[in-house]
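The chain contents come next:
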Amino acid sequence: MNVAVRASKRKKAETRPDPADLLAWYDRHRRVLPWRALKGQRADPYAVWLSEIMLQQTTVKTVGPYYVKFLTKWPTVEALAAAPLDDVLRAWAGLGYYARARNLHACARAVVERHGGIFPADLDALRALPGIGDYTSAAVGSIAFDLPAVPVDGNVERVVSRLFAVEQPLPAAKPAMKQLATALLPPERSGDFAQAFMDLGATICSPKSPACGLCPWTEVCVTRARGDQEAFPRKAPKREGKQRYGAAFVVLRDDGRVLLRQRPEKGLLAQMTEVPGSDWTHDFDADTALDAAPSFKVKVKWQKLTGQVDHVFTHFPLALTVYLGHVPRGTVAPKGGRWARIDGLADEALPNVMRKVLSHALDR
DNA sequence: TATACGTGGAT
DNA sequence: TATCCAAGTAT
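The rules behind these values
- Residues numbered from 1 in each chain as written.
- Chains lettered and ligands numbered in written order.
- Predicted model: local features only at pLDDT ≥ 70, side-chain atom pairs only at ≥ 80, totals over all residues.
- Heavy atoms only, no water.
- Helix = DSSP H or I, 4+ residues; strand = E, 2+ residues; numbered from the N terminus.
- Core = buried A, V, L, I, M, F, W, Y, C linked by side-chain atoms within 4.5 Å.
- Buried < 20%, exposed > 50% of the residue type's maximum accessible area, 1.4 Å probe, protein only.
- Domains from an automatic or database assignment.
- Near = heavy atom within 4 Å.
- Polar contact = N/O pair within 3.5 Å; in protein donor to acceptor, adjacent residues only side chain to side chain.
- Nonpolar A, V, L, I, M, F, W, Y, C, P; charged D, E, K, R; others polar.

## A word on unusual backbone geometry
Backbone geometry follows two general trends: most residues other than glycine have a negative phi, and most peptide bonds adopt the trans configuration.
So, point 1. Omega for the peptide link from Leu-170 to Pro-171 comes to 5°, which places this bond in the cis form.
So, point 2. You can see Pro-171 is positioned in the loop between helix H10 (154-164) and helix H11 (174-183).
So, point 3. In this structure, the amide linkage connecting Phe-232 to the following residue, Pro-233, adopts the cis form with an omega of 0°.
So, point 4. With respect to the element layout, Pro-233 can be found in the loop between helix H13 (222-226) and strand E1 (244-253).

Shown next, in the form of structure tokens:
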């Protein structure tokens, strides 16, 4: 074979990312995940959808046990749709972003009612379901049905922004990044391509110290060539939330129960369970804290516990002062409240901030 | 377009 | 310790 023929068989020097290189990398290095079909096997749309909802803004490690719990408890979308919302919220407790749980339940019911219990193999129909947005419709569509779509998550944004040195900051750059990512979509293996893209971002093209030497696209990466890959993606500065304060009241009844209530239907931690407390404000006055205490027929002697419970929400940090009180057996709960067994708290729909409060009061 | 919406782990 | 950020969506 002469030199000219050898040259023509050699891979041409690429100037732009070749999806085939990413797929070849994926075939060797794909992660094994509970919701991911084995190589060559077909993914269950219900399992893909469930995992994608849980994975929104949530790490793979955190999702693992919740995913297994949900799939065991509700193996099909029909089973999930038939469950009471409260059961779903209790199972979701601790995972955060509780609107996801409410939408998960609503979506399951919509799939049963609108689509006969079968997830639609259609991007627009998926996108129309509760809790399914641009990302998730593309993820379920590509992974479960091999529809030609690219789910653009934080991983993909990072990879694309580095490959092409996208100067526009996020989140304004989202449409441009989606365009760039979608332009790379190969004619086949959409689902593998989507998962490969995300795997690459999660394991190689990491936020800090990316392993560029192991990247299948290292030779076509604009920022890699310049050495400023860690400066991407560009991001608009975000303002930090202001500290808020509040009081929480842990009321123990002598028969081993604690007073709980449900949070309002909308807003922060909507429809989740909590102990009674004050509003959470910037200018909370410790002297008036007891104004927010629940009232009973008997007078309660409140014990202000030492220390406080600190918790950080996405948009503000919270410091709660905890008060402990005791009431006699037979005391009636105030309106909206109920007495819950202390040894059954694990099964309540308590967000973690409330678990911290209860732990602060009871683990002593 | 900007903001509300949880939590935990990595650096 | 402080900051970032993780398979985003709804409004």
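## With respect to the nonpolar core
So, point 1. Ranked by size, the top nonpolar core spans 99 residues in total, and within it Trp-49, Phe-197 and Trp-217 carry the most contacts.
So, point 2. Among the elements that line this core, the one with the most residues is helix H3 (residues 45-54), at seven residues.
So, point 3. Two domains each put at least three residues into this core: domain 1 (14-231) and domain 2 (244-362).
So, point 4. With twelve residues, the next largest nonpolar core counts Phe-249, Val-251, Phe-296 and Trp-302 among its residues.

## Topic: the protein's contact with DNA strand C
So, point 1. The immediate surroundings of DNA strand C are formed by 24 residues, with Glu-52, Gly-131, Thr-136, Asp-153 and Asn-155 found nearest.
So, point 2. Take the atoms of DNA strand C that sit within 4 Å of the protein: sugar and phosphate atoms are 62% of them.
So, point 3. The side chain of Arg-31 places a nitrogen or oxygen atom 3.1 Å from a base nitrogen of DNA strand C.
So, point 4. The contact in question runs from a base nitrogen of DNA strand C to an N or O atom on the side chain of Trp-35, over 3.2 Å.
So, point 5. Secondary structure elements with two or more residues in the surface near DNA strand C: helix H9 (134-145), H10 and helix H12 (190-203).
So, point 6. Among the residues making up the surface near DNA strand C, the classes are represented as nine nonpolar, eight polar and seven charged.

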